[in-house]
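Next come the chains, spelled out residue by residue.
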Amino acid sequence: MKRSLFIVTFALIAQLSFYAAAAQADPSTGIVVDRQGRVYFADERRNVVWKIETDGKLVQFITGKHAHKIALDEQGNLYGEHLAYRGDDRWEFHLWKATPDGELSYVIPPSPGFPPGLLMDKEGNRYQWGGSGNIKKTSSLIQKLTPDSKLVTIAGSGWGWADGKGDEALFGSVGGMAWGNDSALYVTDSGAVRRVTLDGDVKTIARGGHPLEPALSWGVFGGMGGHLFGLTLDEESNIYVANTGGGLVAKVTPDGKVGALVKSESGWAPTGVAIADKELYILEHGPFGLRVRKLSAGGKLTTLATVEAADQGGAFGAAIRTAERAGLDADKVIVGSMVAGVIVVAIIVAVFFWRIRRFIRDFQRKRTGAA
């Protein structure tokens, strides 16, 4: 029993640390709703795209696809990406299409590099965030990829924040992108929501302050990128934003007024949002798993489906299953492990500063002795 508890605790602490970093780097934001009311969402941890049927049944619609984003066309076909690491800093991707019946085909066959954007216009142009990324932070661009593979920069240049036209505009970490009713692109950029016309005119709709700011824990865990991820717009051009770092969904009106709409419980964070028939669908991530919740037009919040951590791969799912086999209360193990993880981190930090202080003291003693 003690050995099992140790294994579970160690695995959970390791997975929680990994999740804190990975979720901030690139969690899945993909959630869409078709005309029949079926909900699809991407689960990048398990490499599955799930479907919630109209009767509430949760099924694995597509498997073996490491997708962070998905999209629907007018005919109800689902599009997604697949990204795979091939070693030696080599990445490979392909874009796929699935009919409503689940028949798969390639949109772009396996190719080296990273997936282009899934957001398309009627001419077949794809729109995406490009540049140096969240590590180097030297350039941030809104780009268009034409059907003949020509990459065109619509707006952006260096890393930062500035409104303007073309390369006069500056962007930071762009987490989500969606079409507006005015045929402009709307993006989440670090702590801002911004509008980008296809001729490159950039205007900030709202920026900073609650509820667009992150929680303190986001910075503590290192968040190298932005904390705003998926977004969607309704028929009145209100913008709904998944503030992953703040653990809530914010609503931004066309004139820039911002309010908190849905607050996630502790341990959960929204990453993607979708609107259908005036109802808001929210994809949430957490160390306990993934789930989809729906906010009705009348304000009622319900959970449509949950993918438990025990149903997922990785150390976290293995740890939960080990707890269950050992006859332990998995929920108590999770909470206890999170507390233990905080304590371990506090001890590591304390030891680090103690060693630094000791090094400085020894250095000063040697310097004094040499003098």
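Here, the structure is the one placed above.
All figures in this text were calculated on a predicted structure; none of them were measured in a lab.

Chemist: Explain the sheet that holds strand β1 (residues 31–33) here, please?
Modeler: Working definition: the strands of a sheet are paired by backbone hydrogen bonds and lie parallel or antiparallel to each other. Spatially, four strands are ordered β1-β2-β3-β4 in an open sheet, and the strand pairing comes out antiparallel. Here the strands that pair on one side only, and so sit at the sheet edges, are β1 and β4 (58–63). Strand-to-strand, the axes of this sheet are offset by a mean angle of 25°, without reference to chain direction. Two elements, strand β3 (residues 48–52) and β4, share five bridges in a ladder whose sense is antiparallel. Bridging from a neighbouring strand, Val-48 pairs with Thr-63 of β4.

Chemist: Would you explain the sheet that holds strand β21 (residues 258–263) in this entry?
Modeler: With antiparallel pairing, four strands are arranged side by side in an open sheet as β18-β19-β20-β21. The open sheet terminates on both sides in strands that have one partner only, identified here as β18 (228–233) and β21. The mean angle between the axes of side-by-side strands here comes to 25°, regardless of whether they run parallel or antiparallel. Two strands pair when backbone bridges link them, and strand β20 (residues 248–252) and β21 are joined in this way by five bridges, in the antiparallel orientation. Paired with Lys-251 across the bridge in β21 is Gly-259.

Chemist: I'm lost on the side chain of Ser-139 in this one. Help?
Modeler: Within the element layout of this structure, Ser-139 appears in the loop between α2 (133–136) and β11 (140–145). Take Ser-139: its relative accessible area is 19%, and that puts it in the buried class. Setting aside chain neighbours within four positions, we find Ser-139 in contact with Gly-130, Gly-131, Ser-132, Gly-133, Ser-157, Gly-158 and Trp-159.

Chemist: Sorry if this is basic, but what is going on with the pairing of strand β23 (residues 279–286) here?
Modeler: A regular strand places its side chains so that they alternate between the two faces of the sheet. Taken across its eight residues, β23 has seven buried, putting it largely inside the fold. The sheet contact formed by strand β22 (residues 269–276) and β23 spans seven bridges and is antiparallel. Paired with Val-273 across the strands is Ile-282, a residue of β23. The antiparallel pairing of β22 with β23 creates a hairpin that spans two residues between the two strands, and Asp-277 there sits at a positive phi of about 50°. Where β23 folds back onto strand β24 (residues 289–295) in an antiparallel hairpin, the turn is made up of two residues.

Chemist: Would you mind showing me how to read unusual backbone geometry here?
Modeler: The linkage connecting His-210 with the following residue, Pro-211, adopts the cis geometry, with an omega of 10°. The phi dihedral of Asp-88 is positive, around 55°, even though this residue is not glycine. Among the secondary structure elements, Asp-88 is positioned in the loop between β6 (78–87) and β7 (90–98). Positive phi, close to 55°, is recorded for Lys-137, a residue that is not glycine. Following the sequence through the fold, Lys-137 ends up in the loop between α2 and β11.

Conventions and cut-offs
Residues numbered from 1 in each chain as written. Predicted model: local features only at pLDDT ≥ 70, side-chain atom pairs only at ≥ 80, totals over all residues. Heavy atoms only, no water. Pairing = 2+ DSSP bridges. Helix = DSSP H or I, 4+ residues; strand = E, 2+ residues; numbered from the N terminus. Axes fitted to C-alpha atoms, helices over the stretch in contact; angles between N-to-C directions. Buried < 20%, exposed > 50% of the residue type's maximum accessible area, 1.4 Å probe, protein only. Contact = heavy atoms within 4.5 Å.

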